[in-house]
Amino acid sequence: MLALRQWQRGELLDRITAIDTVDFKNAMQIIDSLVSRGNLVSLSSHSFRPGCDLTSILFSEMQMEQHLSGVIETLDITGEAARAYVDEAAAPRGTYRDWLNAEIAKLEPMDRGEDRTPPLLASFIAELIALVEQSMLHAFKLWHSGQKADADNAWRLSGAAMLYGTAIIKRAALSGDLPAPAVCPAVQMQADRTTAFAADMTLVQRCANIGRKAADASGDTAMRRVCSKIAEDCDMILDMEPSGEFPATFGRSPVFESFSAIREKHLR
């Protein structure tokens with residue numbers, strides 16, 4: 001979506017944004033339901049394939065759709081609430097795949113030339129995605145444990161990682177060097193606030209380290225600056241005390257201040 005926005009492809013962006021809005025709400029509802037019943041949620045390692053042009057982006061979107069549809073079809077569901085969540089997730093799939101097929105048919109064949117993206121940039125994005133996912137899971141866990149301030153900080157951390165990824169993709173779309181395919185590491189929700197904080201800080205440390213390396217490896221001055229700013233923000237986060245003031249500056253947005261507010265928005 002970020003690349004499409006930079007390329008001013010509003011007609012494609014609007015359709016993908018619409019399905020993403022539906023899927024995000026469904027995901028929030030499912031996670032909240034699982035965590036409220038005492039489940040520790042884990043997410044397996046998965047591929048990140050952003051694409052480098054319009055055609056490859058839409059092919060990547062189709063691959064994700066096919067994978068999601070396959071998962072939905074194999075679920076063994078018991079309980080009315082769980083069935084309702086799955087039905088909501090399944091409802092738009094067919095129409096969306098039909099739209100993707102029609103759009104793919106209009107576009108030029110993919111450029112299969114050699115990938116010019118520095119591998120470290122792809123790894124950087126993959127680690128940031130893991131940080132988005134893991135800290136978001138911890139926000140749910142901490143909120144349901146009554147630790148609302150910790151939940152807000154976990155949500156701010158997830159939001160910061162989203163903003164970092166946004167900055168990288170926006171710059172990459174302008175320079176024509178979108179990140180190459182990569183594998184996002186598996187993440188595991190931790191059982192308490194101490195282990196949750198430690199696990200999140202481990203990911204922040206990895207992001208800081210890779211960010212500096214990605215900055216050094218980039219041939220684009222603006223991208224070097226973006227990666228360096230993210231690494232500096234990660235260093236500030238690493239100095240944060242549990243339940244302390246969230247210190248990030250580059251990765252701070254009012255949208256990610258209150259987990260209770262965002263939960264109410266998507267779960268009401």
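Here the structure is shown first, and the text comes after it.
Residues numbered from 1 in each chain as written. Predicted model: local features only at pLDDT ≥ 70, side-chain atom pairs only at ≥ 80, totals over all residues. Heavy atoms only, no water.

## Things to note about the overall build of the chain
A tally of helices and strands in the chain yields 10 helices and four strands. The N-to-C order of helical and strand elements in the chain reads α-α-β-β-α-α-α-α-α-β-β-α-α-α. C-alpha extents for the chain along the principal axes are approximately 50 × 50 × 30 Å. Taking all 268 residues of the chain together, 45% fall into the buried category. Put simply, 80% of the contacts in the chain that link residues at least 6 apart link residues at least 24 apart. Roughly 13400 Å² of accessible area belongs to the chain as shown, and the carbon and sulfur atoms make up 53% of that amount. (Helix = DSSP H or I, 4+ residues; strand = E, 2+ residues; numbered from the N terminus. Buried < 20%, exposed > 50% of the residue type's maximum accessible area, 1.4 Å probe, protein only. Contact = heavy atoms within 4.5 Å. Areas by Shrake-Rupley, 256 points an atom, 1.4 Å probe, with all protein chains shown as cover.)

## As for the side chain of E65
Of note, E65 is situated in helix α3 (residues 54–74). Given the relative accessible area of 4%, E65 is considered buried. Side-chain polar atoms of E65 contact the side chain of R93, separated by 2.8 Å. When residues no more than four places from it in sequence are discounted, the contact partners of E65 are R93, Y96, R97 and L100. (Polar contact = N/O pair within 3.5 Å; in protein donor to acceptor, adjacent residues only side chain to side chain.)

## Observations regarding the nonpolar core
In a soluble, globular protein the nonpolar side chains are often hidden away together inside. Of all hydrophobic cores here, the largest spans 61 residues; its most connected members are F124, Y164, I168, I237 and F259. At the level of elements, α2 (10–36), α6 (119–144), α7 (148–175), β3 (182–184), α8 (193–217), α9 (221–238) and α10 (259–267) are the ones that each hand at least two residues to this core. When residues of this core are assigned to their parent elements, the largest contribution, 16 residues, is made by α6. Residues within four places of I237 in sequence aside, it is in contact with L157, Y164, M201, V204, F246, P247 and A248. (Core = buried A, V, L, I, M, F, W, Y, C linked by side-chain atoms within 4.5 Å.)

## Concerning empty space enclosed by the protein
Per the stated rule, a full pass over the model turns up one cavity of 30 Å³ or more. In this structure, the largest cavity encloses a volume near 120 Å³. Along its surface, the largest cavity is lined by 13 residues, and L142, D150, N153, A154 and F197 are the ones closest to its centre. Counting only elements with at least two residues in the lining of the largest cavity, the list comes to α7 and α8. Top element by residues in the lining of the largest cavity is α8. It accounts for five residues. (1 Å grid on protein atoms, 1.4 Å probe; cavity = no way out; pocket = protein on both sides within 12 Å on 5 of 7 lines; lining within 4 Å. Points joined across faces, edges and corners; volume = space filled by probe spheres on them.)

## A few points about the state of the cysteines
Evaluation of the coordinates by the stated rule reveals zero disulfides. Cysteine C207 shares no disulfide, and the gap to the nearest cysteine sulfur, in C234, comes to 5.3 Å. Assessed through its relative accessible area of 0%, C234 is described here as buried. (Disulfide = S-S within 2.5 Å.)

## Notes on the environment of T249
Mapped onto the elements, T249 comes out in the loop between α9 and α10. Looking at T249, the relative accessible area reads 56%, which means it is exposed. On a C-alpha basis, the gap between T249 and I125 in space is 19 Å, while along the polypeptide they are 124 residues apart. Setting aside chain neighbours within four positions, we find T249 in contact with D233 and M236.

## Considerations on the pattern of salt bridges
As a working rule, side chains carrying opposite charge can pair if their charged atoms are close by. Across all of its chains, the model carries 13 salt bridges by this definition. The salt bridge involving K106 is made with E103; its shortest N-O contact spans 3.1 Å. Placement of both K106 and E103 in helix α5 (residues 93–106) is noted, with a separation of three residues, approximately one turn of the helix. Judged by its relative accessible area of 13%, E103 falls in the buried class. Across the pair D150 and R193 runs a salt bridge, and its minimum N-O distance is 2.9 Å. (Salt bridge = Lys/Arg side-chain N within 4 Å of Asp/Glu carboxyl O.)

## Things to note about the side chain of K141
Mapped onto the fold, K141 is located in helix α6. Comment: no salt bridge for buried K141; closest opposite-charge side chain is D192, at 8.6 Å. Those residues within four positions of K141 in sequence are excluded, and the remaining contacts are V35, L40, M189, Q190 and A191. (Lys, Arg positive; Asp, Glu negative; His and termini not counted.)

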